[in-house]
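So you can see what is in the structure, the chains are spelled out below.
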Amino acid sequence: MEQTYIMIKPDAVQRGLIGEIVARIEKRGLKISAMKMGFMEEDKAKEHYKEHVERPFFGALMEYVTSGPCVSMVVEGKDAISIMRKMNGATNPVDALPGTIRGDFAIETGRNVVHASDSPEAAKREIAIHFSESEIVDYAKIDEVCLYE
Ligand code: IDP
């Protein structure tokens, strides 16, 4: 099973989209192994997005992700990283297909509602930034016998 880091960004929290996004993740069959809400600390935001530090939008991105509370999750399942990236849709919502979270709920890249890790390395790194090991809950879900061959 794979784990991935998911963030419901501050714009989505303000717009009342937490339930909608969590429902999509649950209905798809992925397991929520950790979840918390809070303001992302500036040093964690910088560490999380460090690959973009030289980009012109970095300052705006820091302001955006620390502007209000966000919801952080560890989401688990077979191919969870790839599934969540596809569920989120393209980074620029203009290119995100209808049926994806960004394709249904976002208009601009700088307010694109959700984050999902883009590789196993990124997932490991991002989970470690936002969660301690003791915050990640190890449990079995009864629906696994129906979801997996
Ligand atoms: P991702 O979130 O789909 O993985 P990345 O390219 O890693 O996309 O970019 C990280 C985040 O930085 C985006 O989700 C978006 O919030 C922000 N971002 C990326 N490119 C731009 C831009 O050109 N303008 C404003 N914000 C951007």
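Along every chain, residues carry numbers that run from 1 in the direction the sequence is written. Selection of residues for local features in this predicted model requires a pLDDT of at least 70, selection of side-chain atom pairs for listing and counting requires 80 or more, and totals for whole chains, interfaces and linings are taken over all residues. Working from all heavy atoms in the structure, the side-chain values ignore hydrogens and water.

Participant: Sorry, what's going on with the site of the ligand here?
Facilitator: One heavy atom suffices: a residue is near a molecule or strand as soon as one of its heavy atoms comes within 4 Å of it. Lys9, Tyr49, His52, Phe57, Leu61, Tyr64, Arg85, Thr91, Arg102, Thr109, Gly110 and Asn112 make up every residue found near the ligand. Each polar contact in these results corresponds to two N or O atoms within 3.5 Å; when the atoms are within protein, one needs to be able to donate a hydrogen and the other to accept it, and residues that are neighboring in sequence are counted only if both atoms are side-chain atoms. Measuring from an oxygen atom of the ligand, one finds a side-chain N or O atom of Arg102 at 3.2 Å. With residues, only the protein chains shown are counted as cover, and all accessible areas are computed by Shrake-Rupley using a 1.4 Å probe. In isolation the ligand exposes 530 Å². Once the protein is present, 75% of that is buried. Of the grid points, spaced at 1 Å and generated over the protein atoms alone, those admitting a 1.4 Å probe that cannot get out make up cavities, while open sets with protein on both sides within 12 Å along at least five of seven lines make up pockets; any residue with an atom within 4 Å of a point is treated as lining. Cavity and pocket membership follows a simple rule, namely that a molecule belongs there if more than half of its atoms are within 2 Å of the grid points. More than half of the atoms of the ligand fall within 2 Å of the grid points belonging to the largest pocket. Class assignment of the residues belonging to the shell around the ligand gives a composition of 4 nonpolar, 5 polar and 3 charged. Amino acid classes used here: Ala, Val, Leu, Ile, Met, Phe, Trp, Tyr, Cys and Pro are nonpolar; Asp, Glu, Lys and Arg are charged; the rest, including Gly, are polar.

Participant: What's the story with helix α5 (residues 80-88) in this structure? I'm lost.
Facilitator: For an α-helix, the turn length of 3.6 residues means that residues three or four places apart are oriented alike. For the exposure calls, accessible area comes from a 1.4 Å probe over protein chains only, and a residue counts as buried if that area is under 20% of its type's maximum, exposed if over 50%, partly exposed in between. The way it works is that DSSP assigns letters per residue, a run of H or I at least four long becomes a helix, a run of E at least two long becomes a strand, and they are numbered from the N terminus. Within α5 the residues assigned to the buried category are Ala80, Ile81, Ile83, Met84, Met87 and Asn88. Down the axis of α5, the buried set is contained in an arc of 165 degrees. They therefore lie on one face. Those residues of α5 that are buried are in contact with β1 (2-8), α2 (18-28), β3 (70-77), α6 (101-105), β4 (114-116) and α7 (120-130). One or two steps after α5, the chain reaches Gly89, where phi turns positive at roughly 90 degrees. This arc corresponds to the set of directions leading from the helix axis out to the C-beta atoms. Residues are treated as being in contact if the distance between any of their heavy atoms lies within 4.5 Å.

Participant: Teacher, can you tell me more about the nonpolar core here?
Facilitator: Generally speaking, a soluble globular protein has its nonpolar side chains buried in company with each other. By size, the foremost hydrophobic cluster in this structure holds 23 residues, and its most contacted members are Ile8, Ile21, Ile25, Met73, Met84 and Val113. For this core, the elements supplying multiple residues, two or more each, are β1, α1 (10-14), α2, β3, α5, α6 and β4. Looking at this core, the element that brings in the most residues is α5, giving 4 residues. Leaving out residues up to four positions away in the same chain, Ile25 has contacts with Ile6, Leu30, Ile32, Met73, Val75, Met84 and Met87. What we call a nonpolar core is a set of buried Ala, Val, Leu, Ile, Met, Phe, Trp, Tyr and Cys residues that are connected through their side-chain atoms within 4.5 Å. Listed in part, the 15 residues of the second largest apolar core include Ala34, Phe58, Leu61 and Met62.

Participant: It is not clear to me how the UniProt feature "active site" (unreviewed entry) in the protein chain should be interpreted in this structure. Could you clarify?
Facilitator: UniProt positions are given in the numbering used here, feature names are shortened, and annotations may be inferred rather than shown by experiment. Within the UniProt annotation, "active site" (unreviewed entry) is assigned to His115. Here His115 is to be found in strand β4. Take His115: its relative accessible area is 9%, and that puts it in the buried class. Those residues in contact with His115 that sit more than four places away from it in its chain are Tyr5, Ile6, Met7, Lys9, His48, Tyr49, Asn88, Arg102 and Glu126.

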